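Overview (structure and organization)
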Amino acid sequence: IALDEMVRRINASISEMGLAGMNWPRPPSVPESARELDGKRVTMVDDSDMLLKLYVPHLMVATNGLARGVYHREQDVLTLAETIAVGRPEVVLIDYTLSAGVRGDALVRALRPLCPDALLIGFSGEPDREADFLAAGASGFVYKEPKSVGDIVGRLGETVARIRQQ
């Protein structure tokens, strides 16, 4: 995708999530380790508008324009799962602690029948949540440790590659 088209898609994706206040002048860079995401439909689910504004542009670059974010506000888990499934994602990055008491492991359980072939990846700053995600049927887990967004997107690419090799 041409540079100006990528910038347009990044800014449109932020707007489509109902988020305002950030306009990217150019695409962010992503590490080579994110290459496994290229050409894949990746959806990120979070209740933090700040994190979506930071991560979705990186995911857009990594996927060559095929990423989207789902901003969770007050939807119940089944409505949220249906909203995600509409985009026919191949990879879903799911935060653990969502709004209104919804947890990522419950979302994995609700989403698995709707997206049986998707890689459902847990995403949390609490490393102990990996066990919760895997017990719910997640395909993998990425620790949201305090590193650069690009590094974490690269780790997502590595996780997807590792799962595909199994």
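Please refer to the structure placed before this passage.
In short, a report on the structure. As the structure is a computational prediction, the values presented were derived from the model and not from experiment.

Focus: the pattern of salt bridges
Inspection of the entire model under this criterion finds 11 salt bridges. Between E36 and K40 there is a salt bridge, with the nearest N and O atoms lying 3.7 Å from each other. Residues D46 and K144 are paired through a salt bridge, measuring 3.8 Å at the closest nitrogen-oxygen approach. Pair noted here: D46 is in strand β1 (residues 42–46) and K144 is in the loop between β5 (140–143) and α6 (149–165), with a separation of 98 residues, a long-range link. Grouping residues by exposure puts D46 and K144 together as buried. Put simply, E5, R8 and R9 are held in one network by salt bridges that share partners.

Some thoughts on the environment of V153
Mapped onto the secondary structure, V153 falls in helix α6. Look at V153 and you get buried, because its relative accessible area is 2%. Residues V153 and L66, 87 residues apart in the sequence, show an inter-C-alpha distance of 14 Å. Excluding anything up to four places from it in sequence, V153 contacts A34, L37, Y55, H58, L59 and A62.

Rules behind the numbers
Residues numbered from 1 in each chain as written. Predicted model: local features only at pLDDT ≥ 70, side-chain atom pairs only at ≥ 80, totals over all residues. Heavy atoms only, no water. Salt bridge = Lys/Arg side-chain N within 4 Å of Asp/Glu carboxyl O. Helix = DSSP H or I, 4+ residues; strand = E, 2+ residues; numbered from the N terminus. Buried < 20%, exposed > 50% of the residue type's maximum accessible area, 1.4 Å probe, protein only. Contact = heavy atoms within 4.5 Å.

Don't take any of this as a statement about function, it's just geometry.
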